[in-house]
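So you can see what is in the structure, the chains are spelled out below.
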Amino acid sequence: MGDTAKEKADKPATWSATIEKGFLEELAGSANVTQSAIAVGTTDKRAWQRRQADAKFRAAFLRALAEGYLRLELRMLQRALARAAGGEAERDAPTSHEERTWLQLLRQHRGAVQATGIFEEIDDLGVVTDRIDEKLSEMKRRLESISE
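Fair warning: this is a prediction, and the values are worked out from it, not measured in the lab.

Undergrad: Teacher, can you tell me more about the nonpolar core here?
TA: Generally speaking, nonpolar side chains in soluble globular proteins are found buried as a group. Ranked by internal contacts, the top residues of the largest apolar core, which has 22 residues, are Phe23, Leu27 and Phe61. Elements with a contribution of two residues or more to this core: α2 (17–30), α3 (33–39), α5 (55–85) and α7 (97–116). No other element matches the 8 residues that α5 contributes to this core.

If you want it as structure tokens, here you go:
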């Protein structure tokens, strides 16, 4: 016979253009395949299968993963700067579960992201580096003024 209502509710949605778009958006924000799949009502297994079977999706997947990776690196930098600004107690605080997850994702996806060449695609890496240096210098000035 047919699936019961409970079985249908527990069954992940079949892949669709809407799920694909949402999944890629989530992945670009998090670099977390499992979390991205859950957010759109499917499974990471289906996402990996889709990646394996569809070259166009594979390219979009890698691009989204690389974007998520860069965002994750930025979050880690922001967290480190916030800890540094928070004083000794903050600097000595144990690493949170969230931070451990971020580090795991960065380690897990580093090779795939580097293979995409996204770092070379950034229009003017010198400009980006200068902006980051300016922000770090400003944060350092603020930290020094707080500690005085």
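Undergrad: Looking at this model, I keep getting lost on α7. Mind explaining?
TA: Residues spaced three or four apart along an α-helix point in a common direction, a consequence of the helix completing one turn every 3.6 residues. Between its first and last C-alpha, α7 extends 28 Å over 20 residues, near the 28 Å set by a 1.5 Å rise per residue. The largest bend in α7 comes to about 50 degrees, at His109. Within the span of α7, buried status applies to Glu99, Trp102, Leu105, Leu106, His109 and Val113. Positive phi shows up at Gly117, right after α7, with a value of about 75 degrees.

Undergrad: I tried to follow unusual backbone geometry on my own but got confused; where do I start?
TA: When glycine is set aside, most residues are seen to have a negative phi, and most peptide bonds are trans. With a phi close to 60 degrees, Ala31 is a non-glycine residue in the positive phi region. Note on placement: Ala31 falls in the loop between α2 and α3.

Here is what the cut-offs are and how they apply
- Residues numbered from 1 in each chain as written.
- Predicted model: local features only at pLDDT ≥ 70, side-chain atom pairs only at ≥ 80, totals over all residues.
- Heavy atoms only, no water.
- Core = buried A, V, L, I, M, F, W, Y, C linked by side-chain atoms within 4.5 Å.
- Buried < 20%, exposed > 50% of the residue type's maximum accessible area, 1.4 Å probe, protein only.
- Helix = DSSP H or I, 4+ residues; strand = E, 2+ residues; numbered from the N terminus.
- Expected span 1.5 Å × (residues − 1).
- Bend = angle between axes of the 7 residues up to and from the residue.

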